[in-house]
Amino acid sequence: MKHTIKVVRDGEVLDTVLSADLAYSRSKIKSLLKHECISIDNEVTTQFDDPVYVGQTITIVSHNQQRDTPLQILYEDNEILVIDKPYKLLTVATNKNEELTAYRLASDYVKTQNSKNRIFVVHRLDQDTSGVLMFAKNERVKKMYQDDWNAAVLDRTYIAIVEGRVQKENDTIKSFLRENKTTHMYSTTTGQEAITHYSVIRRSEKFSLLKVQLDTGRKNQIRVHMLDIGHPIIGDRKYDAKTNPIKRMGLHAYRMIVKHPKSGKVMEFISPLPPKFKRLTRVTEQQIESI
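Residues numbered from 1 in each chain as written. Predicted model: local features only at pLDDT ≥ 70, side-chain atom pairs only at ≥ 80, totals over all residues. Heavy atoms only, no water.

Trainee: What exactly am I supposed to notice about the pairing of strand 16 (residues 251–259) here?
Mentor: Side chains on a regular strand alternate between the two faces of the sheet. The buried count for strand 16 comes to eight of nine residues, which makes it a mostly enclosed element. Bridging between strand 10 (residues 130–136) and strand 16 involves two bridges; their strand directions are parallel. Paired with G131 across the bridge in strand 16 is A253. Sheet analysis places strand 11 (residues 153–163) next to strand 16, joined by seven bridges and oriented antiparallel. If you follow R156 over to strand 16, its bridge partner there is M256. Relative to strand 17 (residues 266–270), strand 16 runs antiparallel, the two sharing five bridges. In the strand pairing of strand 17, K259 is matched with V266. Connecting strand 16 to the antiparallel partner strand 17 that follows it, the hairpin turn spans six residues, and G264 within it adopts a positive phi of roughly 80°. (Buried < 20%, exposed > 50% of the residue type's maximum accessible area, 1.4 Å probe, protein only. Helix = DSSP H or I, 4+ residues; strand = E, 2+ residues; numbered from the N terminus. Pairing = 2+ DSSP bridges.)

Trainee: Just to check I follow, could you spell out the sheet that holds strand 4 (residues 43–45) for this structure?
Mentor: Working definition: the strands of a sheet are paired by backbone hydrogen bonds and lie parallel or antiparallel to each other. An order of 1-6-3-4 is seen for the four strands of this open sheet, with the pairing classed as antiparallel. What marks the edges here is a single partner per strand, and that holds for strand 1 (2–6) and strand 4. Mean inter-strand twist for the sheet, computed between neighbouring axes without regard to direction, equals 30°. Helix 2 (residues 26–34) rests against strand 3 (38–40), strand 4 and strand 6 (57–61) of the sheet, and its axis sits at about 75° to strand 3. (Axes fitted to C-alpha atoms, helices over the stretch in contact; angles between N-to-C directions. Contact = heavy atoms within 4.5 Å.)

Trainee: How should the packing of aromatic side chains be read in this particular structure?
Mentor: Considering all chains together, one arrives at one aromatic pair under this definition. The ring of F48 has K30 lying over it, and the distance from NZ or CZ to the ring centre is 5.1 Å. (Phe/Tyr/Trp six-rings, centres within 6.5 Å; stacked < 30°, edge-to-face > 60°. Lys NZ or Arg CZ within 6 Å of the ring centre and 35° of its normal.)

Trainee: What am I meant to see in the pattern of salt bridges here?
Mentor: Should the charged atoms of two oppositely charged side chains come close, the side chains can pair. Here the structure, examined in full by the defined rule, presents 16 salt bridges. For K137, the salt bridge goes to E76, with nearest N and O atoms at 2.8 Å. Taken together, the residues span a long stretch of sequence, with K137 in the loop between strand 10 and helix 5 (139–147) and E76 in strand 7 (residues 73–76) at a distance of 61 residues. The exposure class of K137 is buried, given its relative accessible area of 18%. Take E76: its relative accessible area is 26%, and that puts it in the partly exposed class. If you follow the salt bridges from partner to partner, you end up with D126, R223 and D236 in one network. (Salt bridge = Lys/Arg side-chain N within 4 Å of Asp/Glu carboxyl O.)

Trainee: What am I meant to see in helix 2 here?
Mentor: Residues spaced three or four apart along an α-helix point in a common direction, a consequence of the helix completing one turn every 3.6 residues. Residues of helix 2 that are buried include every one of I29, L32 and L33, and no others. Relative to the axis of helix 2, the buried residues are bounded by an arc of 100° and lie together on one face. Turned more than 90 degrees off the buried face of helix 2, the exposed positions are S27 and K34. (Arc of directions from axis to C-beta.)

Trainee: Hey, could you run me through the side chain of H123 in this one?
Mentor: Secondary-structure assignment places H123 in the loop between strand 9 (120–121) and strand 10. The buried category is assigned to H123, whose relative accessible area is 7%. A polar contact is formed between the side chain of H123 and the backbone nitrogen of M134, at a distance of 3.0 Å. Looking at H123, its side chain comes within polar contact range of the side chain of R156, at 3.4 Å. Those residues in contact with H123 that lie beyond four places of it in its chain are T91, V132, L133, M134, W149, R156 and M256. (Polar contact = N/O pair within 3.5 Å; in protein donor to acceptor, adjacent residues only side chain to side chain.)

Trainee: Is there a simple way to explain helix 4 (residues 102–113) in this structure?
Mentor: Taking 1.5 Å per residue as the helical rise, helix 4 with its 12 residues ought to reach 16 Å, and the 17 Å between its terminal C-alpha atoms agrees with that figure. Listed as buried for helix 4 are A102, L105, A106, S107 and V110. Contacts made by the buried residues of helix 4 are with strand 8 (80–85) and strand 10. (Expected span 1.5 Å × (residues − 1).)

Trainee: Could you clarify how one ought to interpret unusual backbone geometry in this entry?
Mentor: For residues that are not glycine, phi is negative in most cases, and the peptide bond is trans in most cases. You will see that T183, though not glycine, has its phi angle at about 65°, which is positive. Mapped onto the elements, T183 comes out in the loop between strand 12 (170–179) and strand 13 (185–188).

Trainee: Would you explain the environment of P261 in this entry?
Mentor: Counting through the fold element by element, P261 comes out in the loop between strand 16 and strand 17. Here the alpha-carbon distance between P261 and V17, two residues 244 residues apart in the chain, equals 47 Å. Non-local contacts of P261, meaning those with residues more than four positions away in its chain, are made with E79, I80, R140, V141, M144 and Y145.

Trainee: I would appreciate a short explanation of the pairing of strand 15 (residues 207–214) in the present structure.
Mentor: With seven of eight residues buried, strand 15 is to be regarded as a mostly interior element. For strand 11 and strand 15, the ladder comprises seven bridges, and the chain directions are antiparallel. Along strand 15, the bridge assignment pairs V162 with S208. Relative to strand 15, strand 14 (residues 192–203) runs antiparallel, the two sharing seven bridges. Of the residues in strand 15, the one forming a bridge with R203 is S208. With antiparallel pairing between neighbouring strands as the criterion, strand 14 and strand 15 make up a hairpin whose turn holds three residues.

Here is the structure:
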């Protein structure tokens, strides 16, 4: 069963659903939120106090939306599968109890076409990062990308919302990254070299919207480098963010440009900017087109 609610006054998602003519108690709504059954303008929320505004649409389904429509596929052929990974979905499992991962969903999807089909991880996105994620459909393609990543992957562009007003229009951050015993990455003078480029798309006194591109793809690289320049990504408590205005981490894998593993054709995949990013930063369509 599916319900839609048109928001007629500004408020919070829980109160808005409660005031609608639906047979849901407060505890039931919180349960639906926990199980990712409620979305605002097609973006899933798990927070009861997420803000809603006049004109928005709240959608409620009776069970997990990701299981109903497990993958948003951006591109597929016999060699690769490219999806738009939602926020809060792991790329691969980190322990035996985690069933719902992008890898599992992609694997289940290709097996519906042929039970012998398999899927292979080429790269990963953090659980709290949304956006373009590519899988290989055979080991040859996986090996090709991983063995010659920089030649095969021509561009990976992220969009980040960081705390504070970034003063430089653009800059390059270089450091060496290491990991401590608590899986926390940090910059130091030895380790894996990490190079991050950024440019400002839009900024205010509280937040800056950045275009971020990588020369290297180290674990948590963007998150560490934003902290290094004194502007942590919003919602990123692990790397010292003080604010969380959109109830998620402000990092999105916006674009990926790759050479096709068989034809060599250059292909571009884009995951649209999440609505929450647009609302918070008030970025214009013209600014988005310039990314």
